[in-house]
Amino acid sequence: MQKKERYKELVEYFSMNYPEAETELVYTNPYELLVAVILSAQCTDKRVNIVTQKLFPRFPTPESLAASTAEEVFEYIRSVSYPNNKAKHLVGMARILVNDFNSEVPNTIEDLQKMPGVGRKTANVIVSVIFNQPAMAVDTHVFRVSHRLGLVPKTAKTPLLVEKQLIKHIPKDKIAVAHHWLILHGRYICVARTPKCSECNLKPFCQAFEKQKFDTPHL
DNA sequence: ATCCCGAGGG
DNA sequence: CCCTCTGGAT
């Protein structure tokens, strides 16, 4: 099957089944989403939501977080992965937010990446979710699922290359929701270790499944 | 033992 | 390119 065809089928299927997929992170403003996404690295959304439930009331604004210390923040986030790094990142991020951006979350990838703890993936989530830009954040799920389905060439070995491929082929108005489609599919069906192909409706369009079928015909 | 909506540093 | 950070769930 041609790549163009895969994209068409993918968009069609997910548009029907998950028309309004969105993040599971709990937040009420751009600042809170930024904090939550920084915390979400190599950590489940559920765990992040548990932590932010107490973190946000203690640090409701960039100013309050900027005025604190990494040591105090650490106590609130110690149950997420890499709590030491993230505590430093959060305080550093808040201070730059206050000092350089008038306490407003900036709306460009470049400005967002000036803050500690904010890499390309996090920046893409913010401009997509908060500022409605056609940006594709490529995390571990998006990367894995894109390769398995055959949406990107094997030569796309970095998240940035995968991002550019997906942006090129997905209709502009579907990019934001497509990000969440790939996340959901990766989280619940096309999981990393043993993908649940028996439950997957994308089999007819999946390159990895096709190849597996060819290698082991009894399946 | 392996993975979870990565980022920073060498 | 590699390595480190390093808690919790399965």
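Residues numbered from 1 in each chain as written. Chains lettered and ligands numbered in written order. Predicted model: local features only at pLDDT ≥ 70, side-chain atom pairs only at ≥ 80, totals over all residues. Heavy atoms only, no water.

Turning to the confidence of the model for chain A, a few remarks are in order. Scored by pLDDT, chain A comes out at a mean of 93, with 97% of its residues at no less than 70. Mean pLDDT in chain A bottoms out at helix α12 (residues 207-215), which sits at 81, and peaks at helix α4 (residues 62-66), which reaches 97. (pLDDT = per-residue confidence, 0-100. Helix = DSSP H or I, 4+ residues; strand = E, 2+ residues; numbered from the N terminus.)

With that out of the way, let us pick up the domain arrangement of chain A. With domains assigned, chain A is organised as domain 1 (3-21 + 137-215) and domain 2 (30-129). Taken together, the contact between domain 1 and domain 2 spans nine residues of the former and seven residues of the latter. A combined buried area of about 560 Å² lies between domain 1 and domain 2, and 53% of that area is made up of carbon and sulfur atoms. The residue D45 makes a salt bridge to R187 at a minimum N-O spacing of 3.3 Å. Across the domain 1-domain 2 interface, the total number found is three residue pairs in polar contact (both at pLDDT 80 or more). Listing elements by their share of the side of domain 1 that touches domain 2, those giving two or more residues are α10 (159-169) and α11 (175-188). Looking at the side of domain 1 that touches domain 2, the element that brings in the most residues is α11, giving four residues. Tallied by class, the residues present in the side of domain 1 that touches domain 2 amount to four nonpolar, two polar and three charged. (Domains from an automatic or database assignment. Contact = heavy atoms within 4.5 Å. Buried area = accessible area lost by both parts, 1.4 Å probe. Salt bridge = Lys/Arg side-chain N within 4 Å of Asp/Glu carboxyl O. Polar contact = N/O pair within 3.5 Å; in protein donor to acceptor, adjacent residues only side chain to side chain. Nonpolar A, V, L, I, M, F, W, Y, C, P; charged D, E, K, R; others polar.)

On to the protein's contact with DNA strand C, then. Close to DNA strand C lie Q42, R47, R78, S79, V80, S81, Y82, P83, N84, N85 and R193, which account for all nearby residues. The contact in question runs from a phosphate oxygen of DNA strand C to an N or O atom on the side chain of N84, over 2.7 Å. Here N85 contributes a side-chain N or O atom positioned 3.3 Å from a base oxygen of DNA strand C. Looking at which element gives the most residues to the surface near DNA strand C, the answer is helix α6 (residues 83-100), with three residues. (Near = heavy atom within 4 Å.)

Taken as a whole and judged by the stated rule, the model has four aromatic pairs. Here F14 and W181 contribute two aromatic rings whose centre-to-centre distance is 5.4 Å and whose plane-to-plane angle is 20°, an arrangement assigned as stacked. Placement of F14 in helix α1 (residues 3-17) and of W181 in helix α11 is noted, with a sequence separation of 167 residues between them. Note on F14: relative accessible area 1%, which makes it buried. Residue W181 is classed as buried on the basis of its relative accessible area of 1%. Both rings, one in F59 and one in Y76, keep their centres 5.6 Å apart while their planes meet at 70°; by these two values the pair is edge-to-face. In this pair, F59 is assigned in the loop between α3 (45-58) and α4 and Y76 in helix α5 (residues 70-77), connecting sequence segments 17 residues apart. Relative accessible area serves as the criterion here: at 2%, F59 is assigned to the buried category. Here Y76 falls in the partly exposed class, since its relative accessible area comes to 29%. Positioned over the ring face of F209 is K203, at 5.9 Å from the centre of the ring. (Phe/Tyr/Trp six-rings, centres within 6.5 Å; stacked < 30°, edge-to-face > 60°. Buried < 20%, exposed > 50% of the residue type's maximum accessible area, 1.4 Å probe, protein only. Lys NZ or Arg CZ within 6 Å of the ring centre and 35° of its normal.)

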